[in-house]
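Residues per chain are reported as follows:
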Amino acid sequence: MLFTDLAFVGYFTVTGLGAIPPAWAFADYTNPVMADWNWSFLWIDLLASATGLASLYLLRRGSRSGPGLMLVSLVLTMASGLMAIAFWTLRGDFSLTWWLPNLYLMLFPIPAIVCLTQPRPQVTAS
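## With respect to the overall build of the chain
Along its length, the chain carries six helices and zero strands. Tracing the chain from N to C terminus, the helices and strands come up as α-α-α-α-α-α. The dimensions of the chain, computed from C-alpha atoms along their principal axes, are 65 × 30 × 20 Å. A burial count over the chain gives 31% of its 126 residues as buried. At a minimum sequence separation of 6, the contacts of the chain that also span at least 24 residues come to 67%. Carbon and sulfur atoms provide 71% of the accessible area of the chain, an area that totals close to 8,000 Å².

## Re the environment of D5
Secondary-structure assignment places D5 in helix 1 (residues 2–16). Separated by 45 residues in the primary sequence, D5 and A50 place their C-alpha atoms 7.5 Å from one another. The contact partners of D5, leaving out residues within four places of it in the chain, are A48, S49, G52, L53 and S73.

## Digging into the packing of helix 1 against helix 3 (residues 42–60)
Between helix 1 and helix 3, whose axes approach to 9 Å, the crossing angle comes to 145°. When the axes of helix 1 and helix 3 are compared, the crossing they make is left-handed. Across the interface between the two elements, L2, D5, L6, F8, V9 and F12 of helix 1 pack against L42, D45, L46, A48, S49, G52, L53 and L56 of helix 3.

## Observations concerning the side chain of N102
If you trace the backbone, N102 turns up in helix 5 (residues 96–107). For N102, a relative accessible area of 11% puts it in the buried group. Leave out the neighbours within four places in its chain, and N102 touches S80, G81, A84, I85 and W88.

## Section: helix 1
Spanning 15 residues, helix 1 covers 21 Å between terminal C-alpha atoms, matching the ideal 21 Å at 1.5 Å per step. Those residues of helix 1 that sit buried are T4, D5, F8, F12 and T15. Here the buried residues of helix 1 occupy an arc of 110° about the axis, which is enough to place them on one side. Those residues of helix 1 hidden inside the fold are in contact with helix 2 (32–39), helix 3, helix 4 (66–91) and helix 5. After helix 1 finishes, the residue G18 shows a positive phi value of roughly 65°.

Definitions and cut-offs
Residues numbered from 1 in each chain as written. Predicted model: local features only at pLDDT ≥ 70, side-chain atom pairs only at ≥ 80, totals over all residues. Heavy atoms only, no water. Helix = DSSP H or I, 4+ residues; strand = E, 2+ residues; numbered from the N terminus. Buried < 20%, exposed > 50% of the residue type's maximum accessible area, 1.4 Å probe, protein only. Contact = heavy atoms within 4.5 Å. Areas by Shrake-Rupley, 256 points an atom, 1.4 Å probe, with all protein chains shown as cover. Axes fitted to C-alpha atoms, helices over the stretch in contact; angles between N-to-C directions. Left-handed = near helix turned anticlockwise from the far one by under 90°. Expected span 1.5 Å × (residues − 1). Arc of directions from axis to C-beta.

Spelled out as structure tokens, the structure:
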């Protein structure tokens, strides 16, 4: 999760600096509409990153709010990957360079989301 949250920040930093080589860029990367589409992910990705990093910090401190914030981050991350995959599917554009990272974003949160949403056993005082 830490890697993914830092990668979100890194991706938009590299993109903002124009440092993605054209050969690695997605189809129509220089099209202003596609550039806007790409930048539309900035807010969901940075919010996922901020909540993820905050949750990891809170968990290290033993805070009970860490798991809830982690769940928010994981759902935002999953939504970001799903939105990108849906878009590329609608366009009929299949490139492993862009599908693999977005499939990762869509799928890696699932086990943790399942764990975080399982009912916790009730502790009773005797």
